[in-house]
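Here are the chains, one letter per residue:
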Amino acid sequence: MLVLLCFLSRRLIPKGETIIPAPLLCTWGRHMFDVPQKSQRGNINRKQLLYNYQLTHPESSVLFFPTNTAITINHSRERENARLRWSNTDRKSMYYLQRPIADLRKEHYATMVIDFVATRDIYPGEEIFIDYGEAWDSAWKKHVEDFAPPCQDDNGDKGTPCFKSSKFVAAMNDDKFNKLYHDWSEEHFTACRRSVMPLTDESIIFLASRGQNSKWVVQNDFEYLASFRGIDHDHVGFDLAHMADEWLPCFVLRVDEDDEVFDVVYFTFETSTQVEDANVLRRMRTLTVPDIKYLNKPYRSDMHWVGAFRHETHIPDSIFPDLWKDL
């Protein structure tokens with residue numbers, strides 16, 4: 001389902017009136033919105049989606065994020081009916097507008113407030129638009145002109161999908177017993193509900209960090225598997241477990257469609273008290289259908305597609321303090 005967000009007027013807004021004041025959070029440096037280096041594997045977008053919602057100036061290292069519904073105000077040069085203006089009622093904003101950027105950087109809370117102001121009378125039901133700036137407008141037009149759906153062939157025809165879209169992964173949950181989905185792909189993994197994970201000693205499978213060439217290894221007089229059904233100590237599932245909440249990564253070993261249960265192993269972030277640097281799996285042989293699902297891997301959903309648009313919104317030079325230009 002495609003959801004489009006916009007900001008609509010519910011009443012008559014006279015020209016010059018503040019439509020909405022937006023408290024802003026500061027971030028320092030555009031690199032803060034880069035995807036973490038260890039996650040930059042494959043053909044993914046190097047910038048986080050949040051970068052699209054930053055207000056900044058090309059000559060400054062500070063970026064501002066609106067913390068209210070002003071974030072949904074869209075761009076249009078043709079239909080622009082609002083502009084940005086620093087708050088003239090917020091004392092902290094008025095103070096920092098006169099201070100060097102080094103002083104602004106010392107403030108750790110929502111610091112500035114920017115107003116969205118009507119540039120003409122706006123009537124009920126009208127959408128509010130501002131101009132995101134020449135650089136954003138040019139970048140968007142180029143993006144639209146050069147856009148090509150993923151996985152086209154050389155003739156421009158849509159070919160076989162080369163990745164599982166977020167919509168595709170969501171639809172996989174309508175066919176959970178499909179064995180084609182049980183092996184993880186570059187885009188998806190299997191997750192199991194944490195609250196039903198068995199905690200008995202019998203469910204534990206230890207994976208040692210060394211001895212990968214043999215089935216069993218011995219460390220400190222304890223036996224540990226070097227691998228289990230192709231899963232070893234360095235499997236990516238253990239990294240995903242550290243980022244999980246209610247749904248832990250898991251791997252399907254077999255299914256029983258008659259009883260509608262799955263035999264799975266959970267990846268955990270537990271550690272062995274006997275052997276240093278050993279990872280822990282937990283096996284459950286009767287996991288029910290509601291307790292398993294397919295999810296996109298981190299940074300592999302549609303929003304991280306390499307062809308997705310990324311650009312910050314520029315605050316007009318006419319209102320941006322020279323004291324904040326540090327680039």
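Right, let's walk through the structure included here. (Residues numbered from 1 in each chain as written. Predicted model: local features only at pLDDT ≥ 70, side-chain atom pairs only at ≥ 80, totals over all residues. Heavy atoms only, no water.)

**A few points about the overall build of the protein chain**
Now for step 1: In terms of helices and strands, the protein chain carries 5 helices and 18 strands.
Now for step 2: Looking at the protein chain residue by residue over its 327 residues, the buried ones come to 45%.
Now for step 3: Put simply, of all contacts in the protein chain between residues at least 6 apart along the chain, 73% involve residues at least 24 apart.
Now for step 4: Accessible surface, the protein chain as shown: approximately 18,700 Å² in total, 52% of it carbon and sulfur. (Helix = DSSP H or I, 4+ residues; strand = E, 2+ residues; numbered from the N terminus. Buried < 20%, exposed > 50% of the residue type's maximum accessible area, 1.4 Å probe, protein only. Contact = heavy atoms within 4.5 Å. Areas by Shrake-Rupley, 256 points an atom, 1.4 Å probe, with all protein chains shown as cover.)

**Topic: the sheet that holds strand E2 (residues 55-56)**
Now for step 1: A sheet is described by the order of its strands in space; here 6 strands give the open sequence E5-E6-E1-E3-E2-E18, paired in mixed fashion. Only two strands of the sheet have a single neighbouring strand rather than two, namely strand E5 (82-86) and strand E18 (313-314).
Now for step 2: Of the strand pairs in this sheet, E5 and strand E6 (residues 113-118) are connected by 5 bridges, and their pairing is antiparallel. Following the sheet pairing, Leu 84 is matched in E6 by Phe 116. (Pairing = 2+ DSSP bridges.)

**Some details on the packing of aromatic side chains**
Now for step 1: On inspection of all chains with the given rule, the structure shows 18 aromatic pairs.
Now for step 2: Ring geometry for Phe 33 against Tyr 51: centres 5.8 Å apart, planes inclined by 50 degrees, an arrangement best described as tilted. Of this pair, Phe 33 sits in the loop between strand E1 (18-28) and E2 while Tyr 51 sits in the loop between E1 and E2, and the two are 18 residues apart along the sequence. Both residues of the pair, Phe 33 and Tyr 51, belong to the buried class.
Now for step 3: Three or more aromatic residues joined by ring pairs form one cluster here, namely Trp 184, Phe 189, Phe 238, Phe 251 and Phe 267.
Now for step 4: Residue placement shows Lys 47 over the ring face of Tyr 51; its charged tip is 4.7 Å from the ring centre. (Phe/Tyr/Trp six-rings, centres within 6.5 Å; stacked < 30°, edge-to-face > 60°. Lys NZ or Arg CZ within 6 Å of the ring centre and 35° of its normal.)

**A short note on the pattern of salt bridges**
Now for step 1: Scanning the entire structure with this criterion turns up 17 salt bridges.
Now for step 2: Between Glu 126 and Arg 120 there is a salt bridge; the shortest N-O distance is 2.7 Å.
Now for step 3: Accessibility expressed as a relative area gives 21% for Glu 126, which makes it partly exposed.
Now for step 4: The closest approach of N and O atoms between Arg 300 and Glu 186, which form a salt bridge, is 3.9 Å. (Salt bridge = Lys/Arg side-chain N within 4 Å of Asp/Glu carboxyl O.)

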